[in-house]
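Spelled out from the first residue to the last, the chains are:
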Amino acid sequence: QVQLVESGGGLVQPGESLRLSCAASGRISMIEAMAWYRQRPGNQREFVAVFTYGNTTNYVGSVRGRFIISRDNAKNAVYLQMNSLKPEDTAVYYCNTVGRDKDNGRFNSWGRGTQVTVSS
């Protein structure tokens, strides 16, 4: 079992910034990728950003240039720096990680989510 715990959500005004954090714990052998998804009101969960084992990053077009994903391998943690926030960024943000566990199986784990609200 691999558990994820997110933190850092909150209420901000348009144009402000927030930093989300996510830490993975459990029987982890290797993390292949850590990513952020979000679910906006009335919509399905969507991809936001990913940081892969090969140190590559990718973003959905609507956040590219405003959000920055980073990773701390030693802590099995991933962060999402969100700048120039817009009301349409309001969503529950979920952390996701995939990889191999110490029993040589694979995992694909999700956090419980953290609410981000952008409103004046």
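The shown structure was predicted, so the numbers you read here are calculated from the model rather than taken from an experiment.

1. Observations concerning the side chain of D101
Within the element layout of this structure, D101 appears in strand 9 (residues 91-101). Despite its burial, D101 pairs with no opposite charge, the nearest such side chain being R27 at 6.4 Å. Here the side chain of D101 touches D103 through a polar contact of 2.9 Å, landing on its backbone nitrogen. Polar side-chain contacts of D101 include one of 2.7 Å to the backbone nitrogen of G105.

2. A short note on the sheet that holds strand 7 (residues 67-72)
What links the strands of a sheet is backbone hydrogen bonding, and the strands pair in either a parallel or an antiparallel sense. On the basis of which strands lie adjacent, the open sheet formed by four strands has the order 1-3-8-7 and antiparallel pairing. Two strands lie at the open edges of the sheet, namely strand 1 (2-7) and strand 7, each paired on one side alone. Looking at each pair of strands side by side, their axes are set apart by 15° on average, direction ignored.

3. Some words on unusual backbone geometry
Even without a glycine there, the phi angle at N76 is positive, about 50°. The phi dihedral of S84 falls on the positive side, at around 50°, and the residue is not glycine. Position of S84 relative to the elements: it lies in the loop between strand 8 (77-82) and strand 9.

Reading guide: rules and limits
- Residues numbered from 1 in each chain as written.
- Predicted model: local features only at pLDDT ≥ 70, side-chain atom pairs only at ≥ 80, totals over all residues.
- Heavy atoms only, no water.
- Helix = DSSP H or I, 4+ residues; strand = E, 2+ residues; numbered from the N terminus.
- Buried < 20%, exposed > 50% of the residue type's maximum accessible area, 1.4 Å probe, protein only.
- Lys, Arg positive; Asp, Glu negative; His and termini not counted.
- Salt bridge = Lys/Arg side-chain N within 4 Å of Asp/Glu carboxyl O.
- Polar contact = N/O pair within 3.5 Å; in protein donor to acceptor, adjacent residues only side chain to side chain.
- Pairing = 2+ DSSP bridges.
- Axes fitted to C-alpha atoms, helices over the stretch in contact; angles between N-to-C directions.

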